[in-house]
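Descriptive analysis of the structure
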Amino acid sequence: MLIIPGQPGKDLCDPGLTMNRRDLLRVGGSGLLGLSLGAMFQLQARAAQPGQGGLGWGKAKNVIMIFLQGGPSHLDLWDPKENVPDNVRSVFAPIATKVPGVKFTEVLPKLAQVNDKLTMIRSMSYTPNGLFNHTAAIYQMMTGYTTDKVSPSGQLEPPDPRDFPNFGSQIVRIKPLTIPMLPFVMLPRPLQESNVVGKGGSAGFLGKAFDPYTLYPEGDDMDMNKMDRIRVDDLKLRPEVFANRLARRAALRDVLDAGMPEIDKAVKDYNLNTYYDRALNLVLSGKARSAFDLTKEPAKIRTMYGRNTFGQSCLLARRLVEAGTRVVEVIWP
């Protein structure tokens, strides 16, 4: 058993979190089973090799997070109960999957044929500090940290610049894009529990530069045509501004900057040129605008994903990843 001592989200140098004898035995205990730390790294390396049965250690380039704040019962999806009373058993029939001994219900026939390529965790939980509700769980799921800061209503407080960052913000900070594309997109609605909106969905103390690009079309969640009203006006040039004209403006900016070294010196820590150039390339390339255009998908594919907000959001997530977006979070209540 390999256990890293200390509490989640705590610095091991904190008082009271030093390694004790039991922790040392746990770390060394993996060797009792013939698995030393070196052997573990060797297995990881082997999994990364073609034909070794592993998808590759550290090979993932993109993430699509489909976060269902509510959904059908596990009994009706992944965990049909057999030989149990009717009031416990799912109303759907169990079906075999690609993994022997594992059954899904009949509503997931396609997923049942690829479950040898996914990992199911059936014991997910969270450990709050004095606060047991959905908002606290969402915050820990999205940031990796728990919190005990509670508002008078008993909910978590609204989003704060001092919050821990969403995992997507961390990913794009550590692994930035090298192409003109949106690095992190959240759609089609914010994280919300009761009246607390957006908690755990921002870059927090990392700063606005790592916030997700949010795509929240107007309309209710049950509006089936909501995704047909996607607006990405901030990714378009104004009609009177042609691309070459905007490029000339950028060149003029460079000339002015070169003649103003004192101003450059004053703002050098803000990376203004970097952010400006990134935004300019994004607008001029048109890659993001094209990815958001669901009308470019064949009607058959759009219907297969589902002609509703959730289905079209999942389709858009796929298109964004194919265009180069690093992280997409589909938030659905």
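Preceding block: the structure.
Residue indices begin from 1 for each chain and proceed along its sequence in written order. The model is predicted, so local features are restricted to residues of pLDDT at least 70 and side-chain atom pairs to those at 80 or more, both for listing and for counting; the totals for chains, interfaces and linings are taken over all residues. Hydrogens are left out, water is left out, and the side-chain values use all remaining heavy atoms of the structure.

Read from one edge to the other, the open sheet built from four strands follows the order S1-S8-S4-S7, with strand pairing classed as parallel. The sheet is open, and its two borders are formed by strand S1 (63-68) and strand S7 (213-214), each paired with just one other strand. What makes two strands pair is DSSP finding at least two bridges between them. Working definition: helices are DSSP H or I runs of at least four residues, strands are E runs of at least two. Numbering for both runs from the N terminus. Here strand S4 (residues 184-187) pairs with strand S8 (residues 327-332) via four bridges, running parallel. When the bridges of S8 are listed, Met186 appears paired with Glu329. Only heavy atoms enter the contact rule, under which two residues are in contact if any of them lie within 4.5 Å. Working convention: axes come from line fits to C-alpha atoms, limited for helices to the stretch in contact. Angles between N-to-C directions cover 0 to 180 degrees. Against the sheet, helix H5 (residues 167-174) engages S1, S4 and S8, with an angle of about 170° to S8. Packing against the sheet, helix H11 (residues 309-323) makes contact with S1, S4 and S8, and its axis sits at approximately 175° to S8.

Time to look at the environment of Asp211. When you line up the elements, Asp211 lands in the loop between strand S6 (196-197) and S7. Distance from Asp211 to Gln170, taken between C-alpha atoms, is 9.8 Å for residues 41 residues apart in sequence. Ignoring sequence-local partners within four residues, the contact set of Asp211 consists of Phe184, Ser202, Ala203 and Gly204. At 2.7 Å, the side chain of Asp211 forms a polar contact with the backbone nitrogen of Ala203. N or O atoms closer than or at 3.5 Å make up a polar contact, with two conditions inside protein: a donor-capable atom paired with an acceptor-capable one, and, for residues adjacent in sequence, both atoms drawn from side chains.

Before going further, it helps to examine a nonpolar patch on the surface. Residues forming no salt bridge and having over 30% relative accessible area are the ones grouped into patches, like charges within 9 Å of each other and nonpolar side chains (Val, Leu, Ile, Met, Phe, Trp, Tyr) within 5 Å. Residue burial considers only the protein chains on display, and all accessible areas are found by Shrake-Rupley using a 1.4 Å probe. Within this document, salt bridges are pairs made up of a side-chain nitrogen of Lys or Arg and a carboxyl oxygen of Asp or Glu, the two lying within 4 Å of each other. The grouping of Ile64, Ile66 and Leu68 at the surface amounts to a nonpolar patch, some 250 Å² of accessible area in total. With respect to the secondary-structure elements, Leu68 resides in strand S1. Relative accessible area serves as the criterion here: at 44%, Leu68 is assigned to the partly exposed category. Whether a residue is buried, partly exposed or exposed follows from its accessible area with a 1.4 Å probe, protein chains only, as a fraction of its type maximum: under 20%, in between, or over 50%, in that order.

These results come straight from atomic positions and should not be treated as a statement about function.
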